[in-house]
Amino acid sequence: MIPLLKSAVCGLSSRAVGCGGVLQNYATMLTSGLKTYSPLPDYSGVVIPERTKLKFMDKVPTLKKVRREMKRLKDIVGPEQRENGFTSGQYGIVAMGGGYLHWGHMEMMRLTINRRIDPRITYALWRINAPYKPITSKGLGKRMGGGKGAVDHYVTPVRCGRLLVELGGHCELGEVKGLLTEVAKKLPFPAKVVSRESLAEMQQAAAARELNNQNPWTFSRIATANMLGIRKVLSPVDLRHHGRYTGKFHLPERV
Amino acid sequence: MAATLCFTFLPKQAGWLPLRQCVRYGSKAVTRHRKPVHFLKQKLLAITEYIPPKPEECFRVSRTRETKQDSRMTAFIKREVQATFQQSKMIVVVQNNATTTEDMLQLRHRLHKHDVSVKFFPNQVMRDFLSDSMHKNMKPLFIGSTVLFVSKEPKLKEVLQILKSFPQLVLVGACVDDTLMSRQGIVSYSKLPPLATVQGQVLGGLSLLSSQTSSMLHRHPAHLSALLQQYLKQQVIDGPSQETGPEAQDSVA
């Protein structure tokens, strides 16, 4: 009985194997190819600090005496010379124009970023101060005169090229880019999401552009020599910034 | 922003600041909106725009093919192809136009009975391999979706018979014993008689000449002997009539 069954099973299996040669791949005739995987990124040198989330920013600075200050709109004008590089993070938002950031903007940035990052593997840090510049307001419906108004709120001035927020940790640009673009769109000036490499690339591209410009006539050449008395319509600020900044705006096409 | 006069000392290198600057009053220098630009400044900005460097003249660069390294998959398939070509004596290239799976299965089954296997290889890999190997002239066969029938023994007759029942499979060419054959060549090759018959025919043709020599040498004497025999036969027949003839003539004379 059992040997009969065994022989039957063996017969079946051998028959299956025999037919297998014919049946094998009648459906899949051509293979699509081998996927080659690139190596995983190396995060060994990345140190994640203790406090990974963005700190809360005060709406009003702690001062004994509240002083009203002059407007000093020049704190918006021109390029940022000092705070325009990365410190410890990998990715960040850089301002492409000048403007004032107030507490609402900072709250928006803080809440969005803190909600979206994983605090165990990513960290974020501020590159701007809490609002410190007092902005006065006279109040609705008041007539001109009667002195300067009272301090209404505080702001942080930001120049073009300044880094606002830095992100770092065990993450790639693709992961954080969406979050940072969301934040960048809500800022009062044009802003860009950059990584260390892309920022360096931008700066190099600008320098290369200046070098390989085929136009013999440049703004700075004409303005410094005051050709045709053009300085009648230019300001000393234009000279300093070589015509690349007007007011708080940055003109990226100018070279 | 009324017009003001300034008298300040300025070094010549920095350029002259005009002593009087007339500025129209209006908004401040830093505004939320884009301020209207003075026409002369517009002109200046237009003149001093960026001009990119022109790309170099495109001259005819010789088409040097960059030697692309084969991916591992391609290398693997090439090795398979090489093994197939080495092991098989007969390689038939067939073009398949939308064969269903069950048709393909039937075909494989029928060919398997004659020990012919069906192979699929990507055309690109095939062409790459052929351009390096000695079967260079097979390259134009591999256009479109192709199938290979390979076997160790040349069995073209059976293959042709089987392909008759599959009208969608078009025979394109074959390589049998390192000889390329077109469609007509294959058909005529399959119609050839078996080897022994052909060998016998060849031998017979070669020995024909030598066998004819002895008969040729004996032709003249044979002809002469045949003529003489015929003459004798006629003599025997004409003998009695001839005797009476001359006797009559004698009697008259």
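Residues numbered from 1 in each chain as written. Chains lettered and ligands numbered in written order. Predicted model: local features only at pLDDT ≥ 70, side-chain atom pairs only at ≥ 80, totals over all residues. Heavy atoms only, no water.

### Looking at helix H1 (residues 39–47) of chain B
Okay, so step 1: Within H1 of chain B the residues assigned to the buried category are Lys41, Leu44 and Leu45 of chain B. Seen end-on, H1 of chain B carries its buried residues on one side only, within an arc spanning 95°.
Okay, so step 2: Tucked inside the fold, the buried residues of H1 of chain B contact helix H5 (219–224), helix H6 (236–240) and strand S8 (245–246) of chain A. (Buried < 20%, exposed > 50% of the residue type's maximum accessible area, 1.4 Å probe, protein only. Helix = DSSP H or I, 4+ residues; strand = E, 2+ residues; numbered from the N terminus. Arc of directions from axis to C-beta. Contact = heavy atoms within 4.5 Å.)

### Looking at the interface of chain B and chain A
Okay, so step 1: Every contact between the two is made by 36 residues of chain B and, on the other side, 37 residues of chain A.
Okay, so step 2: Here chain B and chain A share an interface that buries about 3400 Å² over both sides, 67% of which is from carbon and sulfur atoms.
Okay, so step 3: With a shortest N-O distance of 3.3 Å, Lys41 of chain B and Asp238 of chain A are connected by a salt bridge.
Okay, so step 4: Our count for the chain B to chain A interface comes out at eight residue pairs in polar contact (both at pLDDT 80 or more).
Okay, so step 5: Those elements that place two or more of their residues in the side of chain B that touches chain A are H1, helix H2 (72–87) and helix H3 (101–113) of chain B.
Okay, so step 6: Among the residues forming the side of chain B that touches chain A, the class breakdown is 20 nonpolar, nine polar and seven charged. (Buried area = accessible area lost by both parts, 1.4 Å probe. Salt bridge = Lys/Arg side-chain N within 4 Å of Asp/Glu carboxyl O. Polar contact = N/O pair within 3.5 Å; in protein donor to acceptor, adjacent residues only side chain to side chain. Nonpolar A, V, L, I, M, F, W, Y, C, P; charged D, E, K, R; others polar.)

### Structural notes on the packing of aromatic side chains
Okay, so step 1: Inspection of every chain in the model, using the stated rule, returns two aromatic pairs over all chains.
Okay, so step 2: Its guanidinium or amino end placed over the ring of Tyr50 of chain B, Arg209 of chain A lies 4.0 Å from that ring's centre, counting from NZ or CZ. (Phe/Tyr/Trp six-rings, centres within 6.5 Å; stacked < 30°, edge-to-face > 60°. Lys NZ or Arg CZ within 6 Å of the ring centre and 35° of its normal.)

### A few points about the pairing of strand S5 (residues 146–151) of chain B
All names here are of chain B.
Okay, so step 1: The element S5 is extensively covered by neighbouring structure, given that six of its six residues are classed as buried.
Okay, so step 2: Burial along S5 is two-sided: Thr146, Leu148 and Val150 facing one way and Val147, Phe149 and Ser151 facing the other are all buried.
Okay, so step 3: Two strands pair when backbone bridges link them, and strand S3 (residues 90–96) and S5 are joined in this way by six bridges, in the antiparallel orientation. Bridge pairing links Val93 to Leu148 in S5.
Okay, so step 4: Inspection of the sheet shows strand S4 (residues 117–119) paired to S5 by three bridges, in the antiparallel sense. Across the sheet, the residue bridging to Lys119 is Leu148, located in S5. (Pairing = 2+ DSSP bridges.)

### Topic: the sheet that holds strand S2 (residues 99–102) of chain A
In sheet architecture, strand pairing relies on hydrogen bonds along the backbone and comes in two forms, parallel and antiparallel.
Residue and element names in this part refer to chain A.
Okay, so step 1: One open sheet holds the three strands; their spatial order is S2-S5-S4, and the pairing between them is antiparallel. Each end of this open sheet is capped by a strand with a single partner; those strands are S2 and strand S4 (133–137). For this sheet the average axis-to-axis angle between neighbouring strands, irrespective of direction, equals 55°.
Okay, so step 2: In terms of strand pairing, S2 meets strand S5 (residues 150–158) through four bridges, oriented antiparallel. Bridge pairing in S5 places Gly99 opposite Val158. (Axes fitted to C-alpha atoms, helices over the stretch in contact; angles between N-to-C directions.)

### Quick look at the nonpolar core
Okay, so step 1: With 27 residues, the main nonpolar core has Ile113, Leu164, Leu167 and Leu180 of chain A as its most contacted residues.
Okay, so step 2: Listing elements by their share of this core, those giving two or more residues are strand S1 (91–95), helix H2 (103–116), strand S3 (122–126), strand S6 (163–169) and helix H3 (173–185) of chain A.
Okay, so step 3: Tallying contributions element by element places H3 of chain A first for this core, with five residues.
Okay, so step 4: In this view, Leu180 of chain A contacts Tyr91, Gly92, Ile93, Ile113, Val165, Leu167 and Val193 of chain A; residues no more than four positions away in its chain are not counted.
Okay, so step 5: One finds Val94, Leu160, Phe166 and Ile186 of chain B within the second-largest nonpolar core, a separate group that totals 23 residues. (Core = buried A, V, L, I, M, F, W, Y, C linked by side-chain atoms within 4.5 Å.)

### Description of a positive patch on the surface
Okay, so step 1: Taken together, the side chains of Lys65, Arg67, Arg68, Lys71, Lys138, Lys142 and Lys148 of chain A together with Lys28 of chain B make up a positively charged region of the molecular surface.
Okay, so step 2: When its relative accessible area of 65% is taken as the criterion, Lys65 of chain A is described as exposed. (Patch = residues over 30% accessible without salt bridge, like charges linked within 9 Å, V, L, I, M, F, W, Y side chains within 5 Å. Areas by Shrake-Rupley, 256 points an atom, 1.4 Å probe, with all protein chains shown as cover. Lys, Arg positive; Asp, Glu negative; His and termini not counted. Charge placed at Lys NZ, Arg CZ, Asp CG, Glu CD.)

### Observations concerning the environment of Leu148 of chain B
Residue and element names in this part refer to chain B.
Okay, so step 1: Position of Leu148 among the secondary structure elements: in strand S5.
Okay, so step 2: The class for Leu148 is buried, based on a relative accessible area of 4%.
Okay, so step 3: Here the alpha-carbon distance between Leu148 and Val94, two residues 54 residues apart in the chain, equals 6.2 Å.
Okay, so step 4: If sequence neighbours within four positions are ignored, Leu148 has contacts with Ile91, Val92, Val93, Ser117, Val118, Lys119, Phe121, Met126 and Phe142.

### A short note on the pattern of salt bridges
Residue and element names in this part refer to chain A.
Okay, so step 1: One pass over the full model with this rule turns up 10 salt bridges over all chains.
Okay, so step 2: The partner of Arg120 in a salt bridge is Asp118, and the shortest N-O contact between them spans 3.2 Å.
Okay, so step 3: Under the relative-accessibility criterion, Asp118 is labelled partly exposed at 27%.

### A closer look at the sheet that holds S3 of chain A
Residues and elements named next belong to chain A.
Okay, so step 1: Judged by pairing direction, the sheet is antiparallel, and its four strands sit side by side in the order S3-S6-S1-S7 without closing on themselves. Where the open sheet ends on each side, the last strands, each with one partner, are S3 and strand S7 (191–195). Adjacent strand axes in the sheet meet at a mean angle of 20°, parallel and antiparallel pairs treated alike.
Okay, so step 2: Note: S3 against S6, five bridges, orientation antiparallel. When the bridges of S6 are listed, Tyr123 appears paired with Gly168.

### Let's talk about unusual backbone geometry
Okay, so step 1: The backbone of Leu228 of chain A sits at a positive phi, close to 60°, despite the residue not being glycine.
Okay, so step 2: You can call Leu228 of chain A exposed: its relative accessible area is 88%.
Okay, so step 3: Despite not being glycine, Ala98 of chain B has its phi angle at roughly 55°, a positive value.
Okay, so step 4: The exposed category is assigned to Ala98 of chain B, whose relative accessible area is 72%.

### Describing the environment of Val147 of chain B
Okay, so step 1: Structurally, Val147 of chain B is set in strand S5.
Okay, so step 2: Residues Val147 of chain B and Val94 of chain B lie 53 residues apart in sequence; the distance between their C-alpha atoms is 5.2 Å.

### Brief notes about the confidence of the model for chain A
Interpretation of the predicted coordinates at a detailed level should be avoided for regions scoring low in pLDDT.
Okay, so step 1: For chain A, the average pLDDT comes to 90, and 87% of its residues sit at 70 or higher.
Okay, so step 2: Across residues 9–23 of chain A, where pLDDT falls below 50, the model places five contacts with residues more than four positions away in sequence or in other chains. (pLDDT = per-residue confidence, 0-100.)

### Points about the environment of Phe249 of chain A
All names here are of chain A.
Okay, so step 1: With respect to the helices and strands, Phe249 occurs in strand S9 (residues 249–250).
Okay, so step 2: Residue class for Phe249 comes out buried when judged on its relative accessible area of 17%.
Okay, so step 3: Taking the C-alpha atoms as reference points, Phe249 and Arg159, separated by 90 residues in sequence, lie 9.5 Å from one another.

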